[in-house]
Amino acid sequence: MELPESPQEAHGMMYRISKVLAHQATRDFLEKEKPSYKLLTTHPTLVIGESRIQNSAEQIDMVNAMLWMTIQSAKPAYPSLWVDVKDVATAHVSAIDTPAPSGTEFILSLNGVTWEDIAAFTKSEYPDLAKLEPPFEGPVTKVVTGNAEKHLGLKWTPWKQTFRETIEQQLSFNDAGSK
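What you see is a predicted model, and the numbers here were worked out from it, not measured in a lab.

(A) Geometry of the overall build of the protein chain. Helix and strand counts for the protein chain stand at 6 helices and 4 strands. Counting from the amino terminus, the protein chain carries its helices and strands in the arrangement α-β-β-α-β-α-β-α-α-α. Considering only C-alpha atoms, the protein chain reaches an extent of 55 × 40 × 35 Å along its principal axes. The buried share among the 179 residues of the protein chain stands at 36%. Once local pairs closer than 6 in sequence are excluded, the contacts in the protein chain between residues at least 24 apart make up 79%. If you sum the accessible surface of the protein chain, you get close to 11,000 Å²; carbon and sulfur atoms cover 58% of it. Of the charged side chains in the protein chain, 17 are positive and 23 negative, and the gap between their average positions amounts to 5 Å.

(B) Just the packing of aromatic side chains, in detail. Under the criterion given, the structure shown has 7 aromatic pairs. A ring pair is formed by W82 and W115, whose centres lie 5.8 Å apart and whose planes are at 85°; its orientation type is edge-to-face. Of the two residues, W82 sits in strand 3 (residues 82–84) while W115 sits in helix 4 (residues 115–125), which places them 33 residues apart along the sequence. Taken individually, W82 and W115 each receive the classification buried, so the pair is uniform in this respect. Here a set of aromatic residues connected by ring pairs shows up, and it is made of Y78, W82, W115, F121, Y126, W159 and F163.

(C) Inspection of the packing of helix 4 against helix 6 (residues 159–175) at higher detail. Axis separation between helix 4 and helix 6 bottoms out at 11 Å; the angle between their running directions is 55°. The orientation of helix 4 relative to helix 6 falls into the category oblique. Viewed along their axes, helix 4 and helix 6 form a crossing whose handedness is right-handed. Here D117, I118, F121, T122 and E125 of helix 4 come into contact with helix 6, specifically with W159, K160, F163, R164 and I167. Along the lines of polarity and charge, the residues of the contact of helix 4 with helix 6 split into 5 nonpolar, 1 polar and 4 charged.

(D) Just the environment of G49, in detail. Position of G49 among the secondary structure elements: in the loop between strand 2 (46–48) and helix 2 (62–71). Residue classification places G49 among the buried positions, given a relative accessible area of 4%. Remark: the alpha-carbon pair of G49 and Q169, spanning 120 residues in sequence, is separated by 8.9 Å. If near-sequence neighbours (up to four positions away) are discounted, G49 is found in contact with N64, V85, T162, T166 and Q169.

(E) Looking closely at the packing of helix 2 against helix 6. One can describe the packing of helix 2 onto helix 6 by two numbers: an axis separation of 11 Å at closest approach and a directional angle of 85°. Classified by the angle between their axes, helix 2 and helix 6 sit roughly perpendicular to one another. Touching N64, L67, W68 and I71 of helix 2 are F163, T166, I167, Q170, L171 and N174, all from helix 6. Here the contact of helix 2 with helix 6 is built from residues that sort into 6 nonpolar, 4 polar and no charged.

(F) A look at a nonpolar patch on the surface. A contiguous nonpolar surface patch, about 300 Å² in accessible area, is contributed by M14, I17 and L21. Relative to the helices and strands, I17 is located in helix 1 (residues 7–33).

(G) Seen up close, unusual backbone geometry. Here the amide bond leading from P134 into P135 is cis, since omega sits at 5°, within 30 degrees of zero. You can see P135 is positioned in the loop between helix 4 and helix 5 (146–152). Its identity is not glycine, yet K34 carries a phi of approximately 45°, on the positive side. Inspection of the secondary structure puts K34 in the loop between helix 1 and strand 1 (41–44).

(H) Layout of the nonpolar core. One finds I71, W82, L108, I118 and F163 to be the most contacted residues of the largest nonpolar core, which totals 31 residues. At the level of elements, helix 2, strand 3, helix 3 (85–95), strand 4 (105–108), helix 4, helix 5 and helix 6 are the ones that each hand at least two residues to this core. Residues within four places of L108 in sequence aside, it is in contact with T42, H43, P44, T45, V83, V88, A91, A148, L154 and W156.

Rules of the game
- Counting starts from 1 at the beginning of each chain's written sequence and moves along it residue by residue.
- In keeping with the predicted nature of the model, local features appear solely for residues at pLDDT of at least 70, side-chain atom pairs appear and are counted solely at 80 or more, and the whole-chain, interface and lining totals rest on all residues.
- Values shown for side chains rest on all heavy atoms present in the structure; no hydrogens or waters enter the calculation.
- Put simply, DSSP marks the helices as runs of H or I at least four residues long and the strands as runs of E at least two long, and each gets a number from the N terminus on.
- Between buried and exposed lies partly exposed: a residue is buried under 20% and exposed over 50% of the maximum accessible area for its type, with that area taken using a 1.4 Å probe on protein chains only.
- Any pair of residues with heavy atoms lying within 4.5 Å of one another is described as a contacting pair.
- Throughout, the Shrake-Rupley method with a 1.4 Å probe supplies accessible areas, and for residues the shown protein chains are the sole cover considered.
- The positive count covers Lys and Arg only, the negative count covers Asp and Glu only, and His and the chain ends enter neither.
- Every charge is mapped to an atom, namely NZ of Lys, CZ of Arg, CG of Asp or CD of Glu.
- Planes of paired rings set the category: under 30 degrees apart is stacked, over 60 is edge-to-face and the rest tilted, where pairs are Phe, Tyr or Trp rings (Trp by its six-membered ring) whose centres lie within 6.5 Å.
- Orientation is described by axes fitted as lines to C-alpha atoms, over the contacting stretch for helices, and by angles from 0 to 180 degrees between their N-to-C directions.
- Angle categories: roughly parallel below 35 degrees, roughly antiparallel above 145, roughly perpendicular from 65 to 115, and oblique for all the rest.
- With the far helix as reference, a near helix turned anticlockwise by less than a right angle produces a left-handed crossing, and one turned clockwise produces a right-handed crossing.
- Amino acids outside the nonpolar list (Ala, Val, Leu, Ile, Met, Phe, Trp, Tyr, Cys, Pro) and the charged list (Asp, Glu, Lys, Arg) are all regarded as polar, and Gly is one of them.
- Candidate patch residues must exceed 30% relative accessible area and have no salt bridge, after which like charges are joined if within 9 Å and Val, Leu, Ile, Met, Phe, Trp or Tyr side chains if within 5 Å.
- Definition used for salt bridges: Asp or Glu carboxyl oxygen within 4 Å of a side-chain nitrogen of Lys or Arg.
- Only buried residues count toward a nonpolar core, which is a set of Ala, Val, Leu, Ile, Met, Phe, Trp, Tyr and Cys residues joined through side-chain atoms within 4.5 Å.

Shape descriptors only; they carry no functional weight alone.
What follows is the structure, encoded as structure tokens:
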């Protein structure tokens, strides 16, 4: 394992490690304690979308910033695994009344959106912004989202809508004079 080169990389590494440890602790708890209540978990991939709390370009959250910086660079540094923040909210509300059994895990992610797709979309709709240059190395990552669709009835927000809303919000702050 390589050591992080910056505080931001260290923060990202610690965040990912904490997610894995929390997931394992939840599984261990369910197995050992067998609680009388239903315990469900959601596991969103990179959550992007229009932010209701962002008031300036400088206030962009970490994952939206990752997307924003990546579309303005030549090559991505992470897999193309996204989920719209509105879909995450819908999943949490839907989980309240789901008949899914305790211990069910809901992976929340769009599948099949490649960096090639994102590069073509940004070059078409935001040519002055987009700098992504295919081909991109590495496999297309897919995750199993069947529980979210089956038990929560999720219908994913179209990825172009999510990307458009995310990019347009940041551009609106930049247009307003905030850099």
